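Residues per chain are reported as follows:
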Amino acid sequence: MNETTVCVVGNVATQPVYRESPAGPTARFRLAVTARYLDREKNAWTDGHTNFFTVWTRRSLATNVAASVAVGDPLVVQGRLKVRTEQRDGQGWLSADLDAVAIGHDLSRGTSAFRRSSRPETQTGPAPQPEPNWETGPPSRPEQPDQSEDGTRQQPDLTVSVT
């Protein structure tokens, strides 16, 4: 599928709106993204045009956004860009939406304290597997000798049934 994935850095412009629905939780907010450039004549940084994106989140990302994001927070948002055109009151409107995949505070402009969100007690997926020890490589398989004590190669036991 051809989708436009973007990463934008900006400031939260509106308070996140959180909703519970039968399909799961959603949250949305507006993100202001302003380009800055060095004006060589004034020898100073100058703000350029500001773009506004509506950021849409779903499921656990929506819940975490509602608990963690406030107006004015500097954020980094990665997601799929959706540009929509529609008619309102006889006028054409263009809007840019982001279906967010990941959101984080911009740590180049401040600090943040991360806390894992709690998960429900019941798990619907398979039992968790132990983490591999990345320091020593993948877990080793139990050794199976490929030679007998007299030096001849052992053949694996194969049973073939033909009916």
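Up top is the structure.
Residues numbered from 1 in each chain as written. Predicted model: local features only at pLDDT ≥ 70, side-chain atom pairs only at ≥ 80, totals over all residues. Heavy atoms only, no water.

Trainee: Would you mind going over the pattern of salt bridges in detail, with residue names and values included?
Mentor: Evaluated as defined, the whole model comprises 7 salt bridges. Between Arg88 and Glu86 there is a salt bridge, with the nearest N and O atoms lying 2.9 Å from each other. A cluster of three or more residues bridged by salt bridges with shared partners is formed by Arg84, Glu86, Arg88 and Asp97. (Salt bridge = Lys/Arg side-chain N within 4 Å of Asp/Glu carboxyl O.)

Trainee: Describe the pairing of strand β3 (residues 26-39), and please don't skip the residues or the numbers.
Mentor: Summarising the sheet, strand β1 (residues 5-12) and β3 pair through 2 bridges and their orientation is antiparallel. Across the sheet, residue Val12 finds its bridge partner in β3, namely Leu31. As defined by bridge partners, strand β2 (residues 17-19) adjoins β3 across 3 bridges and the pair is classed as antiparallel. Bridge assignment links Arg19 to a residue of β3, and that residue is Thr26. Where β2 folds back onto β3 in an antiparallel hairpin, the turn is made up of 6 residues, including Gly24, whose phi is positive at roughly 120°. (Pairing = 2+ DSSP bridges. Helix = DSSP H or I, 4+ residues; strand = E, 2+ residues; numbered from the N terminus.)

Trainee: Please provide a residue-by-residue account of the environment of Ala102, values included.
Mentor: Along the chain, Ala102 falls in strand β6 (residues 91-105). Each residue touching Ala102, except ones within four places of it in the same chain, is listed here: Leu61, Val76, Val77 and Gln78. (Contact = heavy atoms within 4.5 Å.)

Trainee: Any details on the nonpolar core? Residues and values, ideally.
Mentor: By size, the foremost hydrophobic cluster in this structure holds 17 residues, and its most contacted members are Val8, Phe29, Leu31, Val55, Leu75 and Val77. Contributing elements (two or more residues each) for this core: β1, β3, β4 (44-58), α1 (59-68), β5 (74-88) and β6. Among the elements that make up this core, the one with the highest residue count is β3 (4 residues). (Core = buried A, V, L, I, M, F, W, Y, C linked by side-chain atoms within 4.5 Å. Buried < 20%, exposed > 50% of the residue type's maximum accessible area, 1.4 Å probe, protein only.)

From the geometry alone we can't say anything about function, so treat these as descriptive.
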